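# Coordinate inspection notes
Listed below, chain by chain, are the residues.
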Amino acid sequence: MIMSLFPSPCRGWRRWTRRQRSPGGFCWNSELFTLTYGALVTQLCKDYENDDDVNKQLDKMGYNIGVRLIEDFLARSNVGRCHDFRETADVIAKIAFKMYLGITPSITNWSPGGDEFSLILENNPLVDFVELPDNHSTLIYSNLLCGVLRGALEMVQMAVDVKFVQDTLKGDSVTEIRMKFIRRIEDNLPAGEE
């Protein structure tokens, strides 16, 4: 039935499916999301000749999602402006990941200067039911997340570098996303505007 593909009020929970409650009170089926993302990555692998091009496309798509998603996040979470990168890390891990993926990654490996940290995902919902074929060993399957983080933070005037350091799909025990603060983006208003 087509209606089952769309979010519905969280009534009639079924034992055979895992659902997440969004802040708006709607449920989404995490398996449907995971399978849909898998179909997207599969199609990109067919459309592009090598994994590097697929990785770039996933990052680009994630960036475009992040640019738009930040408005929804700020409206729903009522989070004010973060004063430093540590506060930003807390908001990303404890609020944003929980709100959109239903997980809370841990924040570790801070650099001495406080401008770099790692998000450790014990369970990455994007990789449920996924095994990478041997001919896609350089594919960064969840690279969309890096683009989302980069795009969202750019919209709140933070330039960051985001990359995967470890991935459970490649035999690592956890998934690690490394984030590095590059600079604060200054608003450049046209002459005569304030």
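Residues numbered from 1 in each chain as written. Predicted model: local features only at pLDDT ≥ 70, side-chain atom pairs only at ≥ 80, totals over all residues. Heavy atoms only, no water.

For the protein, an unreviewed UniProt entry supplies the name Trafficking protein particle complex subunit and the organism Lamprotornis superbus. We quote the UniProt Subunit (unreviewed entry) comment for the protein here in full: "Homodimer." As stated in UniProt under Function (unreviewed entry), the record for the protein gives "May play a role in vesicular transport from endoplasmic reticulum to Golgi." (UniProt positions renumbered as here; feature names shortened; annotations may be inferred.)

## What to know about unusual backbone geometry
A positive phi is found at Phe129, a non-glycine position, where the angle reads about 70°. The backbone phi angle of Gln157 is positive, close to 65°, even though this residue is not glycine. Structurally, the position occupied by Gln157 is in the loop between α4 (143-155) and β6 (158-166). (Helix = DSSP H or I, 4+ residues; strand = E, 2+ residues; numbered from the N terminus.)

## Description of the pattern of salt bridges
This model, assessed by the stated rule, comprises 4 salt bridges. Asp72 is the salt-bridge partner of Arg76, the closest N and O atoms lying 3.0 Å from each other. With Arg76 and Asp72 both in helix α2 (residues 51-77), this residue pair falls 4 residues apart, about one helical turn. (Salt bridge = Lys/Arg side-chain N within 4 Å of Asp/Glu carboxyl O.)

## A look at the packing of α2 against α4
Where α2 contacts α4, the two axes come as close as 6 Å, and the packing angle between them is 40°. The angle between the axes of α2 and α4 places the two elements in the oblique class. The two elements α2 and α4 meet at a crossing, and its hand is right-handed. Contacts between α2 and α4 involve Asn55, Leu58, Asp59, Met61, Gly62, Tyr63, Ile65, Gly66, Val67, Leu69 and Ile70 from the former and Asn143, Leu144, Cys146, Gly147, Val148, Arg150, Gly151, Ala152, Glu154 and Met155 from the latter. Here the contact of α2 with α4 is built from residues that sort into 12 nonpolar, 6 polar and 3 charged. (Axes fitted to C-alpha atoms, helices over the stretch in contact; angles between N-to-C directions. Parallel < 35°, antiparallel > 145°, perpendicular 65-115°, else oblique. Left-handed = near helix turned anticlockwise from the far one by under 90°. Contact = heavy atoms within 4.5 Å. Nonpolar A, V, L, I, M, F, W, Y, C, P; charged D, E, K, R; others polar.)

## Digging into the nonpolar core
Judged by nonpolar contacts, the single largest core of 34 residues is most densely connected at Phe97, Leu119, Tyr141, Leu149, Ile177 and Met179. Those elements that place two or more of their residues in this core are α1 (30-47), α2, α3 (85-101), β5 (116-121), α4, β6 and β7 (175-184). Beyond its immediate sequence surroundings of up to four residues, Leu119 is in contact with Ile92, Ala93, Phe97, Pro105, Ser106, Ile107, Leu149, Thr175, Glu176, Ile177 and Met179. The next biggest cluster of nonpolar side chains, apart from the first, holds 7 residues, and it includes Ile70, Phe73, Val91 and Ala96. (Core = buried A, V, L, I, M, F, W, Y, C linked by side-chain atoms within 4.5 Å. Buried < 20%, exposed > 50% of the residue type's maximum accessible area, 1.4 Å probe, protein only.)

## As for the sheet that holds strand β4 (residues 106-108)
The 4 strands lie next to each other as β4-β5-β7-β6, forming an open sheet whose pairing is antiparallel. What marks the edges here is a single partner per strand, and that holds for β4 and β6. With strand direction ignored, the average angle separating the axes of adjacent strands in the sheet is 30°. Alignment of β6 against β7, held across 8 bridges, turns out to be antiparallel. Counted as the bridge partner of Ala159 is Arg183 from β7. Set on the sheet, α3 makes contact with β4, β5, β6 and β7; between it and β5 the angle comes to about 15°. Where α4 meets the sheet, its contacts fall on β5, β6 and β7, and the angle it forms with β6 comes to roughly 165°. (Pairing = 2+ DSSP bridges.)

## Considerations on the pairing of β7
Two faces belong to every sheet, and in a regular strand the side chains alternate between them. Pairing geometry for β5 and β7, over 6 bridges, is antiparallel. Bridge assignment links Ser118 to a residue of β7, and that residue is Arg178.

## Quick notes on α2
If you look at α2, its biggest bend is around 35°, right at Leu69. Buried residues of α2: Asp51, Val54, Asn55, Leu58, Asp59, Gly62, Tyr63, Gly66, Val67, Ile70, Phe73 and Ser77, and no others. At the N-terminal boundary of α2, the capping side chain belongs to Asn50, with an oxygen 3.2 Å from the backbone nitrogen of Asp52. Among the residues trailing α2, Asn78 stands out with phi positive, at a value near 55°. (Bend = angle between axes of the 7 residues up to and from the residue. Polar contact = N/O pair within 3.5 Å; in protein donor to acceptor, adjacent residues only side chain to side chain.)

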